[in-house]
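# Understanding the architecture of this molecule
Now for the letters of each chain:
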Amino acid sequence: MDEFYGRNMPDADFVEADFVPKAQLYGRFARVFNERGEEFFKGEVSWSENDLVQATARQPGARAWYVLDDDALEQRVRDRTVADMVATAQTAIDPGDLPFTAPPGARIAVRVAPGITHTIGGLRVDERARVLRADGSPLDGLFAAGADVGGISTGGYASGLAAALVLGLTAAESAAL
Ligand SMILES: Cc1cc2nc3c(=O)[nH]c(=O)nc-3n(C[C@H](O)[C@H](O)[C@H](O)COP(=O)(O)OP(=O)(O)OC[C@H]3O[C@@H](n4cnc5c(N)ncnc54)[C@H](O)[C@@H]3O)c2cc1C
């Protein structure tokens, strides 16, 4: 559960075109509960919210409830308000319908489930993007880049596109040597 990057999505069916617009990327403004009504995430949510998504994956049924008050709904994430993002979620309900007692001031609740964007774990490579054996020696003629490589997002999420672009170019240059 430590080895994926993802987004909490509405706990309902969605298609590829929904990946970005339906992502519920406002966990930092919500009170977050599991199905048992426990606030399971301690501390500050990271900028990517990937720590919250991974924590959600460890909850019973791998589900969470984002519970929002009026103040939270007015917050902005990039070009949208939290209310805008909630409006895309078909799993938004009245807090009175939650399976546990809603906190005071709750205005709306959204049931979310983790979606995996890409894995973080993967093959070990060196600075030339050569795939390494367990003993650290390179495998002749085998290169890896992007989501297939591990050991990059070890202190929190880094960019998946950067891992693809930087190591892809490095692998190509190494192969051409
Ligand atoms: C919705 C979404 C939003 C994202 N937003 C961001 C963002 O804002 N910033 C960011 O940094 N990253 C973002 N990412 C992550 C980023 O897109 C990926 O980390 C990156 O594209 C991985 O690159 P890659 O080359 O490793 O793999 P991919 O881009 O998946 O490329 C693999 C390619 O291999 C092809 N392929 C697979 N199997 C075969 C086969 N057998 N034969 C031939 N071809 C094959 C596939 O069709 C694909 O074209 C996002 C990802 C998603 C899904």
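Predicted model only: the values in this text are computed from it and were never measured. (Residues numbered from 1 in each chain as written. Predicted model: local features only at pLDDT ≥ 70, side-chain atom pairs only at ≥ 80, totals over all residues.)

### Some details on the overall build of the chain
Convention followed: Put simply, DSSP marks the helices as runs of H or I at least four residues long and the strands as runs of E at least two long, and each gets a number from the N terminus on. Once C-beta atoms are placed from the backbone, each residue is buried if 20 or more other C-beta atoms lie within 10 Å of its own, exposed if 12 or fewer, and partly exposed for counts between those two. By definition, residues are in contact whenever their C-beta atoms, placed on the basis of the backbone, come within 7 Å of each other.
Helix and strand counts for the chain stand at four helices and nine strands. In the chain, the succession of α and β elements from N to C terminus is β-β-α-β-α-β-β-α-β-β-β-β-α. By its C-alpha atoms, the chain is 65 × 30 × 30 Å across when sized along the principal axes. A buried classification covers 30% of the 177 residues belonging to the chain. A separation of at least 24 residues holds for 63% of the contacts in the chain among residues at least 6 apart in sequence.

### Considering helix H4 (residues 160–176)
Cut-off, in case you're wondering: A helix is expected to reach a length of 1.5 Å times the quantity of its residues less one. When we speak of the arc, we mean the arc of directions from the helix axis to the C-beta atoms.
Under the 1.5 Å per step criterion, the end-to-end length of H4 is 24 Å for 17 residues, consistent within 8% with the ideal 24 Å. If you check which residues of H4 are buried, you get Ala 163, Leu 167 and Ala 171. Projected down its long axis, H4 shows its buried positions confined to an angular sector of 45 degrees, all on one face. Of the residues in H4, the exposed ones pointing more than 90 degrees away from the buried face are Leu 161, Ala 162, Leu 169, Ala 172, Glu 173 and Ala 176. Against the buried residues of H4 lie strand E9 (138–143).

### Focus on the site of the ligand
The cut-off we apply is this: The criterion for a residue being near a molecule or strand is simple: its C-beta atom, placed using the backbone, must lie within 6 Å of it. Reported domain spans reflect what an automatic or database domain assignment gives.
What surrounds the ligand is the set Phe 19, Val 20, Thr 117, His 118, Gly 146, Ala 147, Asp 148, Ser 159, Gly 160, Leu 161, Ala 162 and Ala 164. Every element with two or more residues in the shell around the ligand is listed here: strand E7 (108–119) and H4. By residue number, the principal contributor to the shell around the ligand is H4, which donates four residues. Formed jointly, the shell around the ligand draws a minimum of three residues from each of two domains, domain 1 (4–117) and domain 2 (120–176).

### Details of the domain arrangement of the chain
The line we're drawing: Throughout this entry, Asp, Glu, Lys and Arg are counted as charged residues, while Ala, Val, Leu, Ile, Met, Phe, Trp, Tyr, Cys and Pro are counted as nonpolar. The remaining residues, Gly among them, count as polar.
Each assigned domain of the chain is listed here: domain 1 (4–117) and domain 2 (120–176). When each unit is reduced to the centre of its C-alpha atoms, the spacing between domain 1 and domain 2 is 33 Å. Across the boundary between the two partners, domain 1 contributes five residues, which contact five residues of domain 2. The residue inventory of the side of domain 1 that touches domain 2, partitioned by class, reads two nonpolar, three polar and no charged.

### Some points on the environment of Ala 163
One can find Ala 163 in helix H4. Using a count of 21 C-beta atoms within 10 Å as the deciding quantity, one classes Ala 163 as buried. For the pair Ala 163 and Ile 152, spaced 11 residues apart in the sequence, the C-alpha separation amounts to 7.8 Å. In this structure Ala 163 touches Gly 146, Val 149, Ile 152 and Ala 158, once residues within four positions along its chain are discounted.

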